[in-house]
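Now for the letters of each chain:
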Amino acid sequence: MDPKHNGYNGGRAMLAPGTVSSVSTYVLPSRERTPTPAPGPFPRVDDHLVEPEVTRDIVIRGERMVAQPAEKDHADAHARVDFVLLAHVKDDRTSSSDLLTRVTRGSDFATDGSVRRSGNDPATGARYLEELSFEVVNEQAPGRAKQKAEDLAYRGIRRIFGIFVKTGTVGEWSREKNEFVPLDAESFIEDEALIRPIAVRALLDRAQAEIDVAKALIKKNNPEIVKLKRAAEDRGHKKGLDEGHKKGLDEGHKKGLDEGHKKGLDEGHKKGLDEGHKKGLDEGHKKGLDEGHKQGDLQGRRAMLREIMEEQFGALTPSVTTRIEMASIEQIRAWTKKLRHATSCEDVFAENDSLS
């Protein structure tokens, strides 16, 4: 938030209604202005000087101010911080937006985003103090952001970050240097409270914020992400089966044609020899052998062609059977060679068909 001085009582804070005090104003003692954390009593984190969700007032070091509604640049950055933190906190942590915290005796304000342990602190009976704090700085005076960081560090918040809208930078508060130290935009924020490191750029850029949130949800095994991943795996498995089945059919079909063609030739040749031999004996040994061998070879090839075509295309029509029976051995050879790539009887007889 970007607090604005509201002009109450010359800048000194009026105590919240019901607060017990012997005076009407409260000014932060010099000890509490010390930026270095030191032992000492703290009020409970939820003992407030202002009324949360009733007033927009906050108190920083005794000075009451109004936390103004944000303009677009601040509001956009604030939403981005909340979006990223919510996805990145571990299951035993909680992320909050505008969580009012009693930081010191004289400061009671909220940072834009924070991370704390879930539940209540048994030592205090109140919620746990924030571990990480994120403040969006736009119109807020740099000195005011520094005061808030000093008080947060003094209260014991482990890490404090500033998102500086106008310069497009992110800084982490250094207790040693007593200032925000800029972080490399390509670096990451790693912490025990986070499920995975947050890219610094995710706090500055919407696209990177969405990428980081998606990675965090995957890391957390978000049920919807798991469901989508399984659906994608199932689709991939089915596609693999379909493609494998088709490839197997194609290769099996080709192999079957090759083996069937060879088997047909072998059986046709043998049958041709047998029939030729028998016919040769009847017509004369030498002449019968020659002519029978030739005729047997032709008949064998015709038979082989018929068998393969029936296996490949189904029962043959009388016209197809006639073509085969009247074809010369050269035609039979030519048609047999075309069987491998033919898808119908017409493909076998197409071109150079003297019977057409």
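Residues numbered from 1 in each chain as written. Predicted model: local features only at pLDDT ≥ 70, side-chain atom pairs only at ≥ 80, totals over all residues. Heavy atoms only, no water.

1. Description of a negative patch on the surface
The test is simple: Patches were defined on residues exceeding 30% relative accessible area and lacking a salt bridge, with like-charge contacts within 9 Å and nonpolar side-chain contacts (Val, Leu, Ile, Met, Phe, Trp, Tyr) within 5 Å. All accessible-area figures derive from a Shrake-Rupley calculation using a 1.4 Å probe, and residue coverage is judged against the displayed protein chains alone. When a carboxyl oxygen of Asp or Glu lies within 4 Å of a side-chain nitrogen of Lys or Arg, that pair is called a salt bridge. In this charge count, Lys and Arg are treated as positive and Asp and Glu as negative; neither His nor the chain ends contribute. Charged groups are reduced to one reference atom each: NZ for lysine, CZ for arginine, CG for aspartic acid, CD for glutamic acid. Only DSSP runs of H or I covering at least 4 residues are called helices, and only runs of E covering at least 2 are called strands; the numbering of each starts at the N terminus.
A surface patch of negative charge is lined by Glu267, Glu307, Glu310 and Glu311. Of all the elements, helix α5 (residues 285–313) adds the most residues to the negative patch, at 3 residues.

2. Looking at empty space enclosed by the protein
Put simply, the test is: Cavity means a closed set of points on a 1 Å grid over the protein atoms alone, one where a 1.4 Å probe fits but cannot get out, pocket means an open set with protein on both sides within 12 Å along at least 5 of 7 lines, and lining means a residue has an atom within 4 Å of a point. Grid points are joined across faces, edges and corners, and a volume is the space filled by probe spheres set on the points. Residue polarity is assigned by list, with Asp, Glu, Lys and Arg as charged and Ala, Val, Leu, Ile, Met, Phe, Trp, Tyr, Cys and Pro as nonpolar; anything else, Gly included, falls into the polar class.
With the rule as written, the count across this model stands at 3 cavities of 30 Å³ or more. One number sums up the size of the largest cavity: a volume of about 50 Å³. Counting residues per element, the ones that place at least two in the lining of the largest cavity are β8 (130–137) and α2 (142–155). Per-element tally for the lining of the largest cavity: the top contributor is α2, with 4 residues. Within the lining of the largest cavity, the residues separate by chemical class into 6 nonpolar, 1 polar and 2 charged.

3. Brief notes about the pairing of β8
Note the following rule: Each residue is placed in one exposure class: buried if its accessible area under a 1.4 Å probe, protein chains only, is under 20% of its type's maximum, exposed if it is over 50%, and partly exposed if it falls in between. Strands are labelled as partners when DSSP assigns at least two bridges between them. Assignment of crossover handedness uses the view with strands pointing away from the viewer, where a clockwise path from the first strand over the helix to the second indicates a right-handed crossover.
Across the 8 residues that make up β8, a large majority, 8, are buried. The pairing of β8 with strand β9 (residues 159–164) spans 6 bridges and is classified as parallel. Bridged to Val136 within β9 is Ile163. The β-α-β motif built from β8, the intervening α2 and the parallel element β9 has right-handed crossover chirality.

4. Points about the environment of Lys219
Positionally, Lys219 belongs in helix α3 (residues 206–219). Given the relative accessible area of 51%, Lys219 is considered exposed. It is 7.3 Å that separates the C-alpha atoms of Lys219 and Ile195, two residues lying 24 residues apart in sequence.

5. Side note on the packing of aromatic side chains
So the rule is basically this: A pair of Phe, Tyr and Trp rings is counted when the ring centres sit within 6.5 Å of each other, with Trp represented by its six-membered ring. The angle between the planes then sorts it: under 30 degrees is stacked, over 60 is edge-to-face, the rest tilted.
In this structure the tally under the stated criterion is 4 aromatic pairs. Between Phe134 and Phe161, the ring centres sit 4.9 Å apart and the planes meet at 15°, which makes this aromatic pair stacked. Placement of Phe134 in strand β8 and of Phe161 in strand β9 is noted, with a sequence separation of 27 residues between them. Ring plane angle 75° and centroid distance 5.1 Å describe the contact between Trp173 and Phe180, whose orientation is recorded as edge-to-face. Each member of the pair, Trp173 as well as Phe180, carries the same accessibility label: buried.

6. Regarding the confidence of the model for the chain
Test applied: Each residue carries a pLDDT value, the predictor's own confidence for that position, ranging from 0 to 100. The contact criterion used is simple: two residues touch if any of their non-hydrogen atoms lie within 4.5 Å.
Per-residue confidence for the chain averages 81 on the pLDDT scale, and 79% of its residues sit at or above 70. The least confident element of the chain, judged by mean pLDDT, is strand β2 (residues 13–14) at 36; the most confident is strand β12 (residues 188–189) at 98. This model gives residues 6–39 a pLDDT under 50, and the stretch forms 66 contacts once residues within four places in sequence are excluded.

7. A look at the nonpolar core
What counts here: Here, the term nonpolar core denotes a set of buried Ala, Val, Leu, Ile, Met, Phe, Trp, Tyr and Cys residues that are joined through side-chain atoms within 4.5 Å.
Val81, Phe134, Ile189, Ile198 and Leu203 are the most contacted members of the largest nonpolar core, which totals 21 residues. Among the elements of the structure, α1 (72–88), β8, β9 and β13 (198–199) are those that each provide at least two residues to this core. Other than its neighbours up to four places away in sequence, Val81 contacts Gly113, Phe134, Val136, Ile163 and Leu203. Formed by 17 residues, the second largest nonpolar core is a distinct cluster that contains Leu298, Ile324, Ala327 and Ile332.

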